[in-house]
Structure formats: structure tokens, C-alpha cells
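The chain contents come next:
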Amino acid sequence: MFPLVYEINTRIWLQKLSRLNGHTVTLGNVPDSEFRFFKESGFTMVWLMGVWTPSLYSKAIATSHPGLRGELLDHLSSLHPEDIASSPYSITSYTVNEALGGRDDMLVFRKKLAEHGIRLMLDFVPNHMALDNQWLPAHPEHFISVSADEQSQDPGACFEYAKGKYLAHGRDPYFAPWTDTLQINYANPATHAMMTENLFTISELCDAVRCDVAMLVLKSVFNTTWKSLSGHMKEEFWGPAIAAVKERHPDFLFLAESYWNKEWELQQQGFDYTYDKPFYDFLTSAPVNGDKLMGHMKAQWNYQKHLCRFLENHDEARAAGKIGLNNRAAAMIFLTAPGMHLVHQDQMEGYRHKIPVQLIRQAPEHEDRELMELYRKLFQLQKEEVFQEGEVEWISFEGPSHTQCFGFHRFTRDRHAMILANFSSTGIATQFTHPALSGISEESMNILSTSTGNRGNTTHLEEDSLKTRLAPHEAIVVTF
């Protein structure tokens, strides 16, 4: 069964629960109502984002960073120093933050999840660590050193960890360095062993890891970016590391944050699931890129079934704000496509304001009750066998071309689902013919619509053809 994952910003979540309950809530005393919510929604995995011991350097940098300040104020106009914390991706060590309850409370939380049939996912950051990480100053060899000459050419790209000694900041080659981090050196075989040990540590606390910017650790990417400073990375990290963890924990799951069309390569390295950024880009663009989405979803099943689909996460804009009028239709496409499904905290409620990861207080927003109800229906629907195992084929509409109307067919031997979406500002009437429609009755069809009003009798069968009218920005799923 494809996992349905709920991403939680742990620091903000526990603060909110503490305020609502009138006492400090840690991972060890999370109210039972939260676990009922996870279970009733149908989540099979909870991803606690931001649980590791915070970096003092990262907090200081976040507090004083002029570029970040504006982003923080966009979310909280009444910003206080205590609202700002370190980036959860500036890792000092893989020990649980004591402010959240520490290791013991994490194990209590995991046990309660397991009692509800839910697994726990935590973060692993393979590319970089905090400036004040536990391996410095004793083991600078695990990081990429920078000569004094290089430092003088680009002083903003490195950190003076000891007098006259410099280490490179972590980075994605397409962006500026992350100045609260240091780049890990995978040209050093000893670093592979150190990072594998970190995975062993994490795997004792949870059932899965989400691996941050996993493609940066691929040998081809690392050497292109760092070889001139570090020397040559000779062996891949991911394949042996994943195999080593799974030897200890055979059911342990690896999710890769992946970009640059590196999904298949990471899957071949052993990842169970990889981010599907193309799906996100095509579905959330304005206008929706139906042609490219169709081509993407025609990919081979062995690739499709290892993709992680999402409409938002902590790195992306909120779906309700970015997608706007098409948000409900996009949610239906998202949850009826194959693969892992990742739902971000407050996505169901229709929140619109992205939270910078350095904030630990959230601005209040109004909940969209109708969107919440649609998500609950879709969560139940996607459990059906046809959405877990069904193959995918695109539906070809008859008559005039509708550039913003498209659909696809999920099917097993005995069950069928037709998903149709209209992303345009006008209502449309359309039809298509399919052999699966032959011999069935309208009474045998179940129709779920994203429309909040009464659709009336707008879908009809004529032999092996289905005719339907879709309102602006409406999507439907027809199962039989």
C-alpha cells in the first residue's frame, strides 16, 4: 500500500498544542486526540520535521540575517527574538532536541503511533552539518577544507573554524552557500562510515528517513561541484549505506528529496521513494501544463510507483495560495495518482502563508472547512485497490480540444476509476469513449466532485461513452 505521509513542523506543532492545552506538551505527552486525527485521516506515516538538537550558530545567523529578516516579518509582523530558532537543517548531531522531550519522549511518541498502525519518519541531512557540529574541531577531515588563497577570493563561501583554517559552507551549486552549515566531504571514505553511523543512530528511533537534497551526494554531482577542493569521490554513498541500514531493519524506508531529474538514478541506488518535482511543477503551474503532466504520468509503472507526490511541503509555497482556484481539482489529481502521497501540516485546512523554517511561532489563519472535508473523502477513496495497484492510462476526449481539461484512467482487472479535471475559468461539456464503460449502468457509478454545490444530473452514459459537464475549476472521480 502506498504510504500516506503527514509532515509536521514539530516545534510549531508542540508549541501550538501547549498553548491549547494550557501546559507544556512534548513528544511524550501529545494528546490522544492527535493520534485519533492521524488514524481517522488515514495517514500511514507521520514525518516529524525539525527534531534534532538545534545549532547555536544557526540561530544567531537566522536572527541577524538581513535577507531572511524580511521573510520572517512577512509571516509574523509582531516578530520577537524568541520566535526565531536555528534552521532544522543545520544539524549539530542526531540527538533529539531536549526541548521537544529528548530521546525517551521520541520513543514514547513512536510507540503510540505504532499502536495506531502508523510509522514514524525523521530527517537525515547528508550534504551538510552545522558550524557547531559534534565532529569539530577534532575531525575537520569530514568536511571540505579551503585554502587561505581560496578564502581570500570568496570569503563568504567558507567558515574559519580555527585560526587561519577554513571549511567550505554547504551548498547547492545553483544557489548561494548556506552560511550556517559546512559541506560534508564524500571524497574521504571515512566520511562515508561516519554518515552511515548517523543513519544507524536515526534508524533506532524511527521507521523511515526523508533524506534532504539527496541528489547532491550522488558521485557525479558531488565531483562536479567539489572535486577541485576535495579530490575525487570514488564510490557512491547511497547504495552501500541504504543496504547497511536495511540489513539491520529490512522494512526501513528511504525517501529522497530529489531534483534535476535524478529520481530514477536515486531509485536505482535503493531509495524506496523519490520526490516528484516535475509532477508538482506541471500541476501547480498557471496555467496547468496538462500536456507535460500527461507525458510524465505515462512513464513506466516501475518508476511511477516509487515517486512521492505532493502539492506543498515546508520548502514550497502553500498550495491554497499558489494554486488558488484550482486547488481542489489539483488535490483530486494528486491523491488519485499512484505513488507515495505527502500532505503538509495545514494543507488540508487551506492555509496560505508559508512558514520560514527558522520560525517557531505561526501566524493564525482561518480554516477552510469544505477543503478539509474534501481531503477526508479523498483519503478514504485513495485506500481503494484501484488507486493502490491500478495502472494508469490517459483519457482522450472527443470533439473540440480543451487545453485545460484532461483526465486519466486507473484500472485493475475488476475496478475502474475515471478522473476528469477542468482547470479553466469556464464550464465545459465533454465526452470520451472507453471499452470499460460498455455494459455498466449509471446506477453502478460512484461520483465524487470537488464542487461544493449540487452537481445535479450532469454525467450520463451512452453505451460505451461518458458525457459530462464540468464547472470551472471542478474535478470529478468516477469509480465503478
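Details of the structure are given in the entry above.
A quick note: this is a predicted structure, and the numbers were derived from the prediction, not measured.

Focus on unusual backbone geometry
Cis geometry marks the peptide bond from Leu136 to Pro137; its omega dihedral reads 5 degrees. Note on placement: Pro137 falls in the loop between strand E4 (128–130) and strand E5 (145–146). One non-glycine residue, Val213, lies in the positive phi region at around 30 degrees. By secondary structure assignment, the location of Val213 is in the loop between strand E9 (208–211) and helix H8 (219–230). A relative accessible area of 8% places Val213 in the buried class. The backbone of His473 sits at a positive phi, close to 65 degrees, despite the residue not being glycine. You can call His473 buried: its relative accessible area is 17%.

Overview of the pairing of strand E1 (residues 4–9)
Working note: regular strand, side chains alternate between the two faces of the sheet. Among the 6 residues that make up E1, 6 are buried, leaving the element largely enclosed by the rest of the structure. Bridge analysis of E1 against strand E2 (residues 45–49) gives 5 bridges, and the strand direction is parallel. What sits directly across from Val5, in E2, is Met45.

Looking at a nonpolar patch on the surface
Together, Tyr174, Phe175 and Trp260 line one region of the surface with nonpolar side chains, adding up to about 390 Å² of accessible area. For Tyr174, the position within the fold is in the loop between strand E7 (165–168) and strand E8 (181–183). With relative accessibility at 63%, the residue Tyr174 sits in the exposed group.

Overview of the nonpolar core
Across soluble globular proteins, nonpolar side chains show a tendency to be buried alongside one another. The biggest cluster of nonpolar side chains holds 130 residues, and the ones touching the most others in it are Phe38, Leu48, Phe109 and Trp238. Those residues in contact with Trp238, other than ones at most four positions away along the chain, are Phe124, Pro126, Cys211, Ala214, Val217, Leu218, Leu266, Gln269 and Phe271. Within the second largest apolar cluster, 15 residues are counted, among which are Cys405, Ile428, Leu466 and Phe480.

Structural notes on the packing of aromatic side chains
Taken as a whole and judged by the stated rule, the model has 31 aromatic pairs. Ring plane angle 45 degrees and centroid distance 5.4 Å describe the contact between Phe35 and Phe109, whose orientation is recorded as tilted. One end of the pair, Phe35, is in helix H2 (residues 32–41); the other, Phe109, is in helix H5 (residues 102–115), and 74 residues separate them in sequence. The class of Phe35 is buried, set by a relative accessible area of 1%. Between Tyr375 and Phe379 the ring centres are 5.7 Å apart and the planes differ by 50 degrees, which places this aromatic pair in the tilted class. Separated by 4 residues within a single helix, Tyr375 and Phe379 lie in helix H16 (residues 369–381), roughly one turn from each other. Phe379 matches Tyr375 in its accessibility class, with the two residues each being buried. Grouping aromatic residues by their ring pairs yields a cluster made of Trp52, Tyr94, Phe124, Tyr186, Phe222, Phe237, Trp238, Phe252, Phe254 and Phe271. Stacked on the ring of Phe200, the Lys or Arg Arg248 has its end atom at 3.5 Å from the ring centre. Taking the ring centre of Phe279 as reference, the NZ or CZ of Arg309 above it sits at 4.8 Å.

What counts and what doesn't
- Residues numbered from 1 in each chain as written.
- Predicted model: local features only at pLDDT ≥ 70, side-chain atom pairs only at ≥ 80, totals over all residues.
- Heavy atoms only, no water.
- Helix = DSSP H or I, 4+ residues; strand = E, 2+ residues; numbered from the N terminus.
- Buried < 20%, exposed > 50% of the residue type's maximum accessible area, 1.4 Å probe, protein only.
- Pairing = 2+ DSSP bridges.
- Patch = residues over 30% accessible without salt bridge, like charges linked within 9 Å, V, L, I, M, F, W, Y side chains within 5 Å.
- Areas by Shrake-Rupley, 256 points an atom, 1.4 Å probe, with all protein chains shown as cover.
- Salt bridge = Lys/Arg side-chain N within 4 Å of Asp/Glu carboxyl O.
- Core = buried A, V, L, I, M, F, W, Y, C linked by side-chain atoms within 4.5 Å.
- Contact = heavy atoms within 4.5 Å.
- Phe/Tyr/Trp six-rings, centres within 6.5 Å; stacked < 30°, edge-to-face > 60°.
- Lys NZ or Arg CZ within 6 Å of the ring centre and 35° of its normal.

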